[in-house]
Amino acid sequence: MFNKNSKNEKSPSLFNRIEQKISEILTLYSGRPLPGISKTSLLVDWLLFRITDYKKNKTDDILKLLKRKIHYRSSHNLNYLITEIFFYKIYYFHSTKPNPRILDCGANIGLATLFFKILYPNSIIEAFEPDPELFSILKRNVTENQLSNVHVYNYALGEKNGIGEFYPNINPTIGQLGKFAPGSLPPIQVTIRRLSEWIGEGVDFLKLDVEGAEWEIVKELFESNCLWKVKEAVIEYHGNLN
């Protein structure tokens, strides 16, 4: 998996970059088939993106991916999301239900949401993104790609409902609630909600990538007697952000 803060580290050599890309391609083709996803089509779209967009580090542009149009803010971060979600398949899960309930917390521009909808077209998804700019792109990607039964919320998630300071970041994948970090932009006020309000009768899959707020959210689910209703989860733990 890639380091989100890799831009602060020494650039790898040409040999290491080539080795990494070969590894990514092999990873894409390894493992089980992904329902609804042509790995060859995905590879072609990704290679075209790398050739035409990546070196320019385009911003506020559109990528054609698996016959969908994906609006994005930064081509460097889009590449990170594609490789993490579609190549490494970190959010793959098996459901016996045709319409699993999924919570996408830290949805960013909606790449994981798209991944879930391709795997399970009848899934019901609640997607949360506190950054207003990213939320606008998320909403656009959901609407323009006609992703049905996807509900998007411009909320941060936390231990209690209220208003808090959110620090957007020049790296669109690492904005944080209540914490200044390298690359942080001036804070903005955002609405904070408790995730337990969306658990209902149960959740089949929880994706939690919230840049340091994961402990508060899991604690709140436990104290609300809702954690046991989550059948499966992938939680990205951020223990070294500061």
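Definitions and limits used
- Each chain has its residues counted from 1, running along the sequence as written.
- It should be noted that, the model being predicted, local features are given only for residues of pLDDT at least 70 and side-chain atom pairs only at 80 or more, the latter also being counted only at that level, while totals for whole chains, interfaces and linings use all residues.
- The basis for the side-chain values is all heavy atoms of the structure; hydrogens and waters are excluded.
- With axes taken as lines fitted to C-alpha atoms, and helix axes fitted only over the stretch in contact, angles between N-to-C directions fall between 0 and 180 degrees.
- What counts as a helix is a DSSP run of H or I of at least four residues, what counts as a strand is a run of E of at least two, and both are numbered from the N terminus.
- Note: crossing handedness is left-handed where the near helix turns anticlockwise from the far helix by less than a right angle, and right-handed where it turns clockwise.
- Should any heavy atoms of two residues lie within 4.5 Å, those residues are counted as being in contact.
- Ten residue types, Ala, Val, Leu, Ile, Met, Phe, Trp, Tyr, Cys and Pro, are classed as nonpolar, four, Asp, Glu, Lys and Arg, as charged, and the remainder, Gly among them, as polar.
- The term salt bridge refers to a side-chain nitrogen of Lys or Arg lying within 4 Å of a carboxyl oxygen of Asp or Glu.
- Exposure categories follow from relative accessible area, calculated using a 1.4 Å probe and restricted to protein chains: below 20% of the type maximum is buried, above 50% is exposed, and the middle band is partly exposed.
- Paired strands, as defined in this entry, are two strands with at least two bridges between them according to DSSP.
- Handedness is read with the strands pointing away from the viewer; a crossover is right-handed when the path from the first strand over the helix to the second is clockwise.
- Note that the term roughly parallel is reserved for angles under 35 degrees, roughly antiparallel for angles over 145, roughly perpendicular for angles of 65 to 115, and oblique for everything else.
- When two rings of Phe, Tyr or Trp (its six-membered ring) have centres within 6.5 Å they constitute a pair, described as stacked for plane angles under 30 degrees, edge-to-face for angles over 60, and tilted for the intermediate range.

## Thoughts on the packing of helix α3 (residues 75–87) against helix α4 (residues 111–119)
Now for step 1: Taken N-terminus to C-terminus, the directions of α3 and α4 make an angle of 35°; their axes are 10 Å apart at the nearest point. The interaxial crossing formed by α3 with α4 has right-handed handedness. In this structure, α3 contributes Leu78, Leu81, Ile82, Ile85 and Phe86 to the contact, and α4 contributes Leu111, Ala112, Leu114, Phe115 and Ile118.
Now for step 2: Taken together, the residues that form the contact of α3 with α4 break down as 10 nonpolar, no polar and no charged.

## Details of the pattern of salt bridges
Now for step 1: Enumeration according to the criterion identifies 11 salt bridges in this entry.
Now for step 2: Two residues, Lys97 and Asp204, come together in a salt bridge whose shortest N-O distance is 3.1 Å. Taken together, the residues span a long stretch of sequence, with Lys97 in the loop between α3 and β3 (101–105) and Asp204 in the loop between β9 (188–193) and β10 (205–208) at a distance of 107 residues.
Now for step 3: For Lys97, a relative accessible area of 36% translates into the label partly exposed.
Now for step 4: For Asp204, a relative accessible area of 9% translates into the label buried.
Now for step 5: Each of Arg193, Arg194, Glu197 and Glu220 takes part in a single network of salt bridges with overlapping partners.

## Overview of the pairing of strand β5 (residues 150–153)
Now for step 1: Sheet topology places strand β4 (residues 124–128) next to β5; 4 bridges connect them, and they run parallel. Across the sheet, Glu126 pairs through a bridge with His151, a residue of β5.
Now for step 2: Running through helix α5 (residues 132–144), the crossover from β4 to the neighbouring parallel element β5 is right-handed.

## With respect to the sheet that holds β5
Now for step 1: Taken in spatial order, the 5 strands make up an open sheet running β5-β4-β3-β10-β11, and their pairing is parallel. Only two strands of the sheet have a single partner each, and these edge strands are β5 and β11 (233–235). Recorded for the sheet is a direction-independent mean angle of 10° between the axes of neighbouring strands.
Now for step 2: In this fold α4 packs onto β3, β4, β5 and β10, with an angle of close to 175° to the strand it touches most, β4.
Now for step 3: Contacts from α5 reach β4 and β5, with the element oriented near 165° to β5.

## Quick notes on the sheet that holds β9
Now for step 1: Spatially, 4 strands are ordered β6-β9-β7-β8 in an open sheet, and the strand pairing comes out mixed. Across the chains shown, the open sheet's two edge strands, defined by having one partner strand only, are β6 (156–157) and β8 (176–177).
Now for step 2: Bridge count for β6 against β9 is 2 bridges, and the pairing is parallel. Bridge assignment links Leu157 to a residue of β9, and that residue is Arg193.

## Details of the packing of helix α2 (residues 39–52) against α3
Now for step 1: In the contact formed by α2 and α3, the axes pass within 11 Å of each other and the chain directions differ by 160°. Accordingly, the angle class assigned to the pair α2 and α3 is roughly antiparallel. Seen from above, α2 lies across α3 with left-handed handedness. When α2 is examined against α3, the residues Leu42, Trp46, Phe49 and Arg50 are found in contact with a partner set consisting of Ser75, Leu78, Asn79, Ile82, Thr83, Phe86 and Phe87.

## Quick look at the packing of aromatic side chains
Now for step 1: This structure, assessed with the given rule, holds 14 aromatic pairs.
Now for step 2: An angle of 40° between the planes, with centres 5.2 Å apart, marks the rings of Phe93 and Tyr120 as tilted. With Phe93 in the loop between α3 and β3 and Tyr120 in the loop between α4 and β4, the pair connects residues that are 27 residues apart, well separated along the chain. The residues Phe93 and Tyr120 share a single accessibility class, namely buried.
Now for step 3: Among the aromatic residues, ring-to-ring pairing joins Phe86, Tyr91, Phe93, Phe115, Phe116, Tyr120 and Phe205 into one connected group.

Note that every value here comes from positions in space, so none of it alone points to a role or purpose.
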